[in-house]
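Read off the chains here:
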Amino acid sequence: MDDTQVNAQLDQMKNFILQEAQDKANEIKTKATQEFTSEKGRIFQNEKIKIIKEYEKKQKLIEVQKKINLSNELNKSRLSVLKVREECLRDVIKEAQKKLATISDDKDKYQTILKNLIYQGFVKLNENKIQVVGRKEDAGLLEKATTEAAAQYKKNVGKSIDVSVDKERFLPQGPKSDYNGPTCCGGVILSALEGRIICKNTLDSRLEICFDQLTPVIRTQLYGASTSRKFFD
Amino acid sequence: MSSEDGIKKLLDAERTAQKIVADARQDRVQKLKKAVEEAEKEIKEFREKKDKEYKEYESKYLGASSETASQLATNANKEIDTIRNETAANKQKVVDLLIKYAITCDN
């Protein structure tokens, strides 16, 4: 074999080696391109799903927050309305207390009221011996009213009653503009069995009871019937 | 041509071939790194897009909340005015009713 043939043979072998390497390199490059696309897609897709979930969660939180805010605002506005209603009711009772303070100005009318209050106390207590406590300024009226009430009780119930007006203890005085202490608009407190049974029949306590019991009626009179109320039992 | 030259020629070819394959492998590694980088870049862009959408949604949604709140406040104020007016109009009637009940005894 001469040099030319040997060289040709060597070139053929060399080219074969290089061609094999090139083919292998091309195969690696093709695979690398595929891996590049799939890896990039895989990483992006995984993160994309996470991001979407994260922002969906955030949006839901905003919706919840909005509902909470709305609920808070609704409560706030309802409470402000209820507070004003309550203030108005307090205002009404203050006005009533002012008017109640003038009841004892008309002595004849007030004495009749006192007599009725004392008589009612006798009936409620249903005892033989009763003590009556009134205001100091009502002392004269009280004696007369007590006597009349006792007579009425005997006539209606048929029982005598041993009644005494307390000369040492008194109810607070009537309200005056220059006086800030405890006040009483009138009426009496009756007690029996040495103070163990008590019947509070002062005008103030009666007004309080009336207010408590008549609150639904008062609301209706002030603001009209409730539109949301369904049951009237 | 000596046999040594021939062997050298083949060894050179082998070395070149190895380099071609090694370079291809190196390119593959670089390409995978680039895939991660590009994916991260696209992720960043996607996150920014989502964040923008979210902020728009947030301002729209919470903006609507403040509108609702002011509407509620307006309604409450109207209702309060009505209550005050009705109280003023009907107060005397109620006071008279309370006094009547307070001083009347059903004997």
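Thresholds applied
Residues numbered from 1 in each chain as written. Chains lettered and ligands numbered in written order. Predicted model: local features only at pLDDT ≥ 70, side-chain atom pairs only at ≥ 80, totals over all residues. Heavy atoms only, no water. 1 Å grid on protein atoms, 1.4 Å probe; cavity = no way out; pocket = protein on both sides within 12 Å on 5 of 7 lines; lining within 4 Å. Points joined across faces, edges and corners; volume = space filled by probe spheres on them. Helix = DSSP H or I, 4+ residues; strand = E, 2+ residues; numbered from the N terminus. Domains from an automatic or database assignment. Contact = heavy atoms within 4.5 Å. Buried area = accessible area lost by both parts, 1.4 Å probe. Salt bridge = Lys/Arg side-chain N within 4 Å of Asp/Glu carboxyl O. Polar contact = N/O pair within 3.5 Å; in protein donor to acceptor, adjacent residues only side chain to side chain. Nonpolar A, V, L, I, M, F, W, Y, C, P; charged D, E, K, R; others polar.

Thoughts on the layout of surface pockets
Piece 1. There is about 490 Å³ of room inside the largest pocket.
Piece 2. For the largest pocket, the lining is made up of 20 residues, of which R85, G224, A225, S226 and T227 of chain A are closest to its centre.
Piece 3. Elements that contribute at least two residues to the lining of the largest pocket include exactly α1 (3-100) and α4 (203-223) of chain A together with α1 (3-103) of chain B.
Piece 4. Element by element, the count of residues in the lining of the largest pocket is highest for α4 of chain A, at five residues.

Considering the domain arrangement of chain A
All names here are of chain A.
Piece 1. By domain assignment, chain A separates into domain 1 (7-101) and domain 2 (104-217).
Piece 2. When each unit is reduced to the centre of its C-alpha atoms, the spacing between domain 1 and domain 2 is 75 Å.
Piece 3. Contacts between domain 1 and domain 2 engage seven residues on the former and eight residues on the latter.
Piece 4. Interface area, domain 1 with domain 2, both sides summed: about 720 Å², of which 79% is carbon and sulfur.
Piece 5. When the buried surface of domain 1 facing domain 2 is broken down by residue, I93, L100 and A101 rank first, second and third, together holding 68% of it.
Piece 6. Scanning the region where domain 1 abuts domain 2 turns up zero salt bridges.
Piece 7. Linking domain 1 to domain 2 there are zero residue pairs in polar contact (both at pLDDT 80 or more).
Piece 8. A per-class count over the side of domain 1 that touches domain 2 returns five nonpolar, one polar and one charged.

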